[in-house]
Amino acid sequence: MKTPYDAAMRVRQRELDEVSTAIRAESGTLSVLEQERERLRAALRSEAQVAAELALCSQAWQGRMRGQGRELGVLQAQVQERIEHLREVAIDAYGTLRSIETAAEDYRRDAARVEASAEQSASDDLGAVAFLKARRSIRRENPR
């Protein structure tokens, strides 16, 4: 049964789907950033080991890599903040959607109750008409 709440539910469901998609995208970005940071850490360890073995000084390169690592850390923190915000938006959208769904269900239940009441009234009316006809018929057959 259609309700006045159907359009609002579709809009909220669409919003929730969009937020979920954004969360997945940001989580993917976060994963890529973490992989890049791990790659930089591995390169730093490798370079430090080679430099130690050869007694070379690669401090400039190591400093640059550490700087890139810090930049990636900042980017990770920003992405994590966006994910947290999107999760809050999703929670709000889900709560609103559930409220609308509850209102729609209440509407359906009320409509069904009104319909059942109307059917009962019609049945009562038919029963009353049948009773009155039977009574009239009895009176015709047995006048006083």
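Please read all numbers here as calculations on a predicted model, not as lab measurements.

**Some points on the nonpolar core**
Grouped together as the largest cluster of nonpolar side chains are 10 residues: Met9, Leu16, Val19, Ile23, Leu86, Ala90, Ala93, Leu97, Ile100 and Ala104. For this core, the secondary structure elements donating two or more residues are helix H1 (6-54) and helix H2 (59-141). Here this core gets 6 residues from one element, more than from any other, and that element is H2. Not counting chain neighbours up to four residues away, the residues in contact with Ala90 comprise Leu16, Val19 and Ile23. Among the nonpolar cores identified, the runner-up in size contains 8 residues, and Leu40, Leu44, Met65 and Val79 belong to it.

**Describing the packing of aromatic side chains**
Summed over all chains, the structure comprises 1 aromatic pair. With a centroid separation of 6.3 Å and 75 degrees between ring planes, the pair formed by Tyr5 and Tyr107 is classed as edge-to-face. Separated by 102 residues along the polypeptide, Tyr5 in the segment before H1 and Tyr107 in helix H2 bring together distant segments of the chain. Tyr5 gets classed as partly exposed once you look at its relative accessible area, which sits at 32%.

**Observations concerning the pattern of salt bridges**
Counted under the stated rule, the structure contains 12 salt bridges. Notably, a salt bridge pairs Arg45 with Glu38, separated by 3.3 Å at the nearest N-O pair. Asp106 is the salt-bridge partner of Arg109, the closest N and O atoms lying 2.9 Å from each other. Taken together, the positions of Arg109 and Asp106, both in helix H2 and 3 residues apart, correspond to about one turn of that helix. Its relative accessible area of 42% is what places Arg109 among the partly exposed residues. When its relative accessible area of 32% is taken as the criterion, Asp106 is described as partly exposed. Among the charged side chains, a network of salt bridges with common partners joins Glu34, Glu38, Arg41 and Arg45.

**A few points about the environment of Leu54**
You can see Leu54 is positioned in helix H1. Overall, Leu54 belongs to the exposed group, its relative accessible area being 53%. C-alpha of Leu54 to C-alpha of Val129: the two residues are 75 residues apart in sequence and 110 Å apart in space.

About the criteria used
- As a convention, each chain's residues are numbered from 1 in the sequence order in which they are written.
- Residues qualify for local features only when their pLDDT is at least 70, as the model is predicted, and side-chain atom pairs are given and counted only at 80 or more; totals for whole chains, interfaces and linings, by contrast, use all residues.
- Derived side-chain values reflect all non-hydrogen atoms in the structure, with water molecules and hydrogen atoms excluded from consideration.
- Definition of nonpolar core: a set of buried residues of the types Ala, Val, Leu, Ile, Met, Phe, Trp, Tyr and Cys, connected through side-chain atoms within 4.5 Å.
- A simple rule labels every residue: compare its accessible area, found with a 1.4 Å probe on the protein chains alone, to the largest value its type can have, and call it buried under 20%, exposed over 50%, or partly exposed in between.
- Under the DSSP-based scheme used, a helix requires at least four consecutive residues in state H or I and a strand at least two consecutive residues in state E, with every element numbered from the N terminus.
- Working rule for contacts: check all heavy atoms of both residues, and any pair within 4.5 Å makes them a contact.
- Any pair of Phe, Tyr and Trp rings, taking the six-membered ring for Trp, is counted once the centres come within 6.5 Å. Such a pair is stacked with planes under 30 degrees apart, edge-to-face with planes over 60 apart, and tilted for the rest.
- For this document, the term salt bridge refers to a Lys or Arg side-chain nitrogen within 4 Å of an Asp or Glu carboxyl oxygen.

Shape descriptors only; they carry no functional weight alone.
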